[in-house]
Amino acid sequence: MTTTLPLRRWIKRATELQGSNHGHPITQAYLASSLRIAISLADQISEAEELSAVGLSSGLESLPPPFPVARVDWADCVTVGLKLSSGDTELLRSLPVDGDLFETSFSEEEVQPEDFEKLLKLIVEDGEEGERERDREDENFSRADAEDTSGSFFNVDWAQLSSDSSNNVSNNANGHDNTQSARLQRIYSLGLVLYQLFSGGDLPPRDLLVIYSPDGGSLTAMSSRSFSTSLNVSDETNIWGSSNNDKAPLEGSDNESYADYGGRSKRQYFPPRQSMSSTTKSISHASVHHLHMKGVPTPLCDLIHNMIDCINGDFMGNDSYCKMSDVTSDLQLMISKPSVYLHDLDVNRISVTGLELDEATFVRDEELASLQSAYQRSVMGSSELAIVTGVSGTGKSTLATKFGDFVNANGGLFLSGKFDQIKYVKPYSAVASAFNTYCEVLAREKASERAMLLASNLKTALGSDLYYLIQMIPSLGRILQEHSNDYIPPGHDCVNAQERLHYLFCQFVEVISRCSGAPMTLFMDDVQWADSASISIISQLLKTSRSMKGDKHFFFLGCCRDDEMGSDHSFWKMIGSVRTFGFKTTLVKLECMDIRTVNTFLSSLLHLPPRLVRSLSDIVYHKTKGNPLFVSRMLISLNREGLLRLSLTRHRWEWDEEKIQSRKLSDDVALFFADNINKLPADVKTALSALSCFGASTDSEVIQALQTHLELKLVEPLNVAVAEGLVYKLDGIYHFCHDKIQQAAYSMIEDVRCLHHMMYGLSLIDLSLETEDAGLLFTAVTQINLGGPFAVQEEQQYSLIAKYNLVAGKKAMAMSDFAIAFAFFEHGMSFLPNNYWQNEYDLSLDLFNLAAKCALTIKNLTSLTMICDQILRNARNPDDMLNASFISMSALTYSKVSEAVHYGLTVLRQLNIDIPDSISQENTMRLIFQTKSKLNEISDEMILNYQIMSDFKKVMAMKFLAELGNALQQVNPDLQPFVTITMVRLTIEHGLSPMSSVGFAYFGGMVGALGDIRGGYRYTKLAKSLLDKTQSNEVAGSVICITTEVLSYVQPQQTAIEYRLQGERIALAAGDIHWACMNKLMYTSSLPWCGAKLSVAKKAFADAGRFMEEHGHLAALSYLKTVEHTVLAFIGDKGQMISDDQLTQSEINKNPYLLVVVYFQKLFLALILNKYYDLKRSAEKFFEVRLPTCNFLTGRVAHAFNGGLASFRIYRETGDPLWAERGRACKQSVLLWREQASLWNFEHKCFLLEAEECYSEGNFENAKVLYDHAISSAGKYKYVNVEALACELAARFYLYLNNSSTAVKYFTLAHDKYFEWGALAKVRTLHEFIQETFKIDLTSPSANGIGISDDDLPSFELKSETRKRSSLGA
């Protein structure tokens, strides 16, 4: 409900309700309501002026009068609209009817100048008497609503200046006067209204009354004591309204000065003012002092003063208003941001602290909202990341910090790290520091439930591999309540330590997210300085986050200076890579502030309306180009120099524009900082330069050590730098407030910085070696390397520094950062003295060998080639060449497999191990049986008790053989068995090697492939026992993958394939991506054959595909996609099988394994979908591809089983005995496996093959029994896929016999089982076939599972054509 009442009555009642009358300060409720009234009035007048300016009319009949006239002032023409609740109804009824607010009024008449002072006195005195009368009138109003304490009077909805205000002016007044003079008069008049409003109803002092001369005379503020001397009144003076002359100028101005200025500044119309007279100043300020006494905030008092002061013409202050729209804007700021624009400044605090810049003022709201939206989409399941770019100083870090507050407030985890321009300080230091900070927080509460839960889950998930994480994240050891040495794993070997660390980091993140129950955000600052190893970890975290268990998600935010990064930067390459995996990227570009933004920033900072700081904003912008960092530092500098200061008398900021304008500043922010640093004492400059040599941040212990060793004063001067705001200290670490400050300090020693680095490094190195502090060692050696060989002062230091780099590189390798390790080794090589191969042979060999290993790991093949070439040319004996030769061969396997095979064979021959270029199948079989015979004479216990192989050449030979065997799988699989046998023979003759388990694993697979499953099972168990004994993590993934092939025959296949998941985890923990992919491939591909639901298999295929894409294993991906197509086809999703043309045109055709897989998948798909012609064509090609007899055990069961079914089907259609022979051969293989392996995996397959064979040979009675046995056995052993197929084949068998009733029963059962398996495409085609053939409306089991009884079937015989169609398929 809404009601209205005059402003005067609202003021009276509101002040009484709040107890703020009789001199008491006004309350916040009254102040807020009054501001709403003020805004409403100012906005109304401003809108009317704008409409009038374009020739339109407003809601007012005419514009408001320029001045209050006798007995008709604006305050009495204001109506206030209130929103009242239903409980205020009685109050409304009791309100008296409004009458004239003044009892008397003056009539219009001419006034002589000599009577002017009397008249003015009469007006004032009559006004005072009128106020007394109004007080008496309000007593009745007060009694009427004395019981009202609801506060409804403060629920102001609007306020309006009534049209009566323009009707009561003299006849010659122009109510539509919109000249600049009239606008100023309206501002002045509204100022008087606001004075009364915020004073609680007090009338303005006499000093503020204005007399206007309509004939172009004075427009002047009056006081009773100065009236006669300060006014020059003409004979035509009219005190009732505005002049007939709408161009009346102010005193001292010409007519043109007050033409409409269309948005131009006030300075264009008023000449530059000299200092105002003390009399004029005192009138305005003294007049609003009463408002201060009432508790009105200073900014609001100033606003009213500046409104009233605008009538003073050339004598008005610089802050006075010229436009009503400015009044509206300033009032709106006061009510929308009262803490900034309304409340008084804390003068006492600011006088001590000086200018304080709140970082929040630099946050860009739109950009922050963009980041928040991206994060929220990520939490909801979208794969997203965000990047903030911009030049230095644009507020990227501030924006990220504000975003972090948002993440934390919404229950997420926000981890942050920062890359440093001075690299190689510590492996993975930037990324690790983010996690270390999080762990440090948890470590402080290590007895809490959260910390204990994390510790327990980490121990379960990672076990002894936690050692490698603790090396990177020391605080993690505190959470685990044990020292990192307790986690040293039994074996340090691995295939790729860097890949291992990637895996461990990903597992670490997943465990944190799972335990915290919150999504994780990783923020990395200054990504332009990121090293490739850290970028690689971030990439892996992003990619693996897509398959993170549960609803936990990982979000990445990076900040970088894109102007300092080329398009080939590793970060941009990483972004391009993750985009191919479906990641959406939110790019936020931060530009320097434009002049309007600078104005807004200064307005908020100085708590002044934007119009008052516009001139200062112009100066600041043109000197800083709007760079936020530059702006903030310039303002702090101006404040310290006194050019921007707090006025204790005015309680506001003020400045000296002329001096600021004349101040010379460097255009570059770094030079600006350098200039400021140069003004500091010498010891502070020295300390800052020393600190800058260590990058953006440095541990205080390092500074303390330097101070002690060099007897250099550093700590106290740095405390001065902290006080100056150049450095801050947090948790014992010094940080530059911005890297531009660090650059400025660093530039001060540009000519001698190499000597400084060398001096600091040598000062720290002894302490680092003495304390065994890895972090301090990296810092010391990095400083030495930054100095470079030219900074070495003594000759003997060259070899010593090379050794320091060797030690640091080994430490970095142990921490799995091979990129940093390689850098240390490279630096070490650069410090080697002249003739180093002759004078420092052992040191040189160690540096070059380890550098080659690191180069291989980080795939820097160019450097690797040059390093290995040096080793091979300078090695003193063949043994010293072997490591380099092995690394060279391994490098070739990445892209030149044939060359790798040739290289490996050559080296093995040099080691007296002769591997032929080719071997016949017969000779291979003979060697296998000879080896079996020899092993039969040796017990497994004897082999396990063999001594560890000690001959270095034989150890290296085993490594070459293992690498060669993997390569031969791709280019010459017939030769691979010979390599395997050689590894077994070397183990028997020379003892156990870490590679021995690989040899026995392959040998067990070969023996099993030849039909001796039990024999193969023995050797695979032996291989796993050897793996346990040698603790060789390097080969664990391959051994598990290979041995599981045989285990899948002997143990239930559904449980045996779980070993492959273990193999994947172990391979990843060892950095062995190849065997991790192979384990994942074998596990996923086996799911459809094990009876797993196809929907589960579909998800597993998608996960495996992403994994292989992430790691670039295209060979495994090719196999996977081929099998995945079959699964998707059964489900009904679209997929594309590799075409025959593609097979013959690509290099894929050289690999018989992939050919077998492709043709088999086509065969299997046609078999299930009952497409005979596709089945025949695919089967022909499948049997044409020659499979090596003694390997490729994987898939043999599926090939034999489905190949046999296809062969019997084709035989029935063609009568070709070749197909019958093929079918029986497949059946015999499965029968053999049933006898040697397990009934679980093979009984149902044997029954179904025998049933199909009996059907093909016309032995129908046996076929009936065998079909039922196959169906029963498949159900018993959980192979729903075979159960469905057996039901369908049985149904088609009975359909062939014209036994439609039994056929429909089996078709219905097949329909149900296919649905249970998830083969929805097959369900649909089978449903359609049953309806078309039997004319039965078969209800889908997905609806209610209803079957069909014999009574439902019509009795009829199928015609021969129908029988043939059911056999051949659609």
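Everything below is about the structure printed above this text.
Residues numbered from 1 in each chain as written. Predicted model: local features only at pLDDT ≥ 70, side-chain atom pairs only at ≥ 80, totals over all residues. Heavy atoms only, no water.

Asks: Hey, could you go over the sheet that holds strand β1 (residues 2-6) for me, with residue numbers and the actual values?
Replies: Across the sheet, three strands lie side by side as β1-β2-β3; this open sheet has antiparallel pairing. At either end of the open sheet lies a strand with only one pairing partner, and these are β1 and β3 (156-161). Averaged over all neighbouring strand pairs, the angle between strand axes comes to 25°, with direction disregarded. Here helix α1 (residues 7-18) sits on the sheet and contacts β1, β2 (78-83) and β3; the angle it forms with β1, its principal contact strand, is near 100°. On the sheet, helix α2 (residues 28-53) packs against β2 and β3 and is oriented at approximately 40° with respect to β3. (Pairing = 2+ DSSP bridges. Helix = DSSP H or I, 4+ residues; strand = E, 2+ residues; numbered from the N terminus. Axes fitted to C-alpha atoms, helices over the stretch in contact; angles between N-to-C directions. Contact = heavy atoms within 4.5 Å.)

Asks: Account for the side chain of Thr544, naming residues and giving values.
Replies: Relative to the helices and strands, Thr544 is located in helix α20 (residues 532-545). One polar contact links the side chain of Thr544 to the main-chain carbonyl oxygen of Gln540, over a distance of 2.8 Å. With residues near it in sequence (within four places) discarded, Thr544 still touches Cys506 and Glu1110. (Polar contact = N/O pair within 3.5 Å; in protein donor to acceptor, adjacent residues only side chain to side chain.)

Asks: Before we move on, could you go through the packing of aromatic side chains and cite the residues and values that matter?
Replies: The geometry of an aromatic ring pair is captured by the separation of the ring centres together with the interplanar angle, meaning the angle of the planes. Using the criterion set out here, one finds 44 aromatic pairs in the structure. An angle of 65° between the planes, with centres 5.1 Å apart, marks the rings of Phe1003 and Tyr1019 as edge-to-face. Taken together, the residues Phe1003 in helix α44 (residues 996-1009) and Tyr1019 in helix α45 (residues 1013-1030) connect sequence positions 16 residues apart. We note that Phe1003, like Tyr1019, is buried. Each ring, one from Tyr1255 and one from Phe1293, has its centre 5.1 Å from the other, and the planes form 75°; the classification is edge-to-face. Of this pair, Tyr1255 sits in helix α57 (residues 1239-1257) while Phe1293 sits in helix α59 (residues 1280-1296), and the two are 38 residues apart along the sequence. For the residue pair Tyr1255 and Phe1293, the accessibility class agrees, reading buried in each case. The rings of Trp1089, Phe1130, Phe1160, Phe1164, Phe1182, Phe1183, Trp1219 and Trp1317 are connected pair by pair, giving a single aromatic cluster. (Phe/Tyr/Trp six-rings, centres within 6.5 Å; stacked < 30°, edge-to-face > 60°. Buried < 20%, exposed > 50% of the residue type's maximum accessible area, 1.4 Å probe, protein only.)

Asks: With reference to specific residues and values, describe the pattern of salt bridges.
Replies: With the rule as written, the count across this model stands at 40 salt bridges. A salt bridge links Asp562 to Lys589, with the shortest nitrogen-to-oxygen separation between them at 2.6 Å. With Asp562 in the loop between β9 (554-560) and α21 (570-579) and Lys589 in strand β10 (residues 584-589), this pair connects stretches of sequence that are 27 residues apart. Taking the relative accessible area as the measure of exposure, Asp562 reaches 22% and is therefore partly exposed. (Salt bridge = Lys/Arg side-chain N within 4 Å of Asp/Glu carboxyl O.)

Asks: A description of the sheet that holds strand β13 (residues 697-699) should follow, citing residues and the corresponding values.
Replies: Spatial ordering of the open sheet is given by β13-β15-β14, a layout of three strands whose pairing is antiparallel. Looking at strand neighbours, the two that pair on one side only are β13 and β14 (727-730), the edges of this open sheet. The average undirected angle you get between the axes of adjacent strands in this sheet is 20°. Relative to β13, helix α28 (residues 700-710) is tilted by about 70°, and along the sheet it contacts β13, β14 and β15 (733-736).

Asks: Quick rundown of the packing of helix α51 (residues 1114-1131) against helix α61 (residues 1320-1334)? Include the residues and the values.
Replies: Between α51 and α61, the least distance of the axes is 4 Å, while the angle of their chain directions is 45°. Here α61 runs oblique to α51, going by the angle between their axes. Across the interface between the two elements, Ala1129, Phe1130 and Ile1131 of α51 pack against Leu1320, Ala1321, Lys1322 and Arg1324 of α61. Among the residues making up the contact of α51 with α61, the classes are represented as five nonpolar, no polar and two charged. (Parallel < 35°, antiparallel > 145°, perpendicular 65-115°, else oblique. Nonpolar A, V, L, I, M, F, W, Y, C, P; charged D, E, K, R; others polar.)

Asks: Describe the environment of Ile858, with residues and values.
Replies: Within the secondary structure, Ile858 is located in the loop between α36 (841-857) and α37 (861-874). Separated by 325 residues in sequence, Ile858 and Ala533 place their C-alpha atoms 8.2 Å apart. Those residues within four positions of Ile858 in sequence are excluded, and the remaining contacts are Gln498, Phe818, Ala819 and Phe822.

Asks: Explain the packing of helix α54 (residues 1172-1184) against helix α56 (residues 1217-1236) to me, using residue names and the numbers behind them.
Replies: Closest axis-to-axis distance for the α54/α56 pair is 13 Å, and the angle between their directions is 65°. Along this stretch, α54 crosses α56, giving a crossing that reads as left-handed. Residues Ala1179, Glu1180 and Phe1183 of α54 form the contact with α56, whose own contacting residues are Trp1219, Arg1222 and Cys1226. Partitioning the contact of α54 with α56 into residue classes produces four nonpolar, no polar and two charged. (Left-handed = near helix turned anticlockwise from the far one by under 90°.)

Asks: Before we move on, can you summarise the nonpolar core with the specific residues and values?
Replies: The nonpolar side chains of a soluble globular protein tend to be buried, and buried together. Within the largest apolar cluster, 342 residues are counted, with the highest numbers of intra-cluster contacts made by Phe435, Leu476, Leu606, Leu635, Leu688 and Tyr1314. Element by element, the count of residues in this core is highest for helix α53 (residues 1152-1168), at 14 residues. Filtering out sequence-adjacent residues up to four positions away, Leu476 remains in contact with Cys439, Leu458, Leu466, Leu469, Ile470 and Phe508. With 57 residues, the next largest nonpolar core counts Ala38, Met324, Leu331 and Met334 among its residues. (Core = buried A, V, L, I, M, F, W, Y, C linked by side-chain atoms within 4.5 Å.)

None of this, on its own, says anything about what the molecule does.
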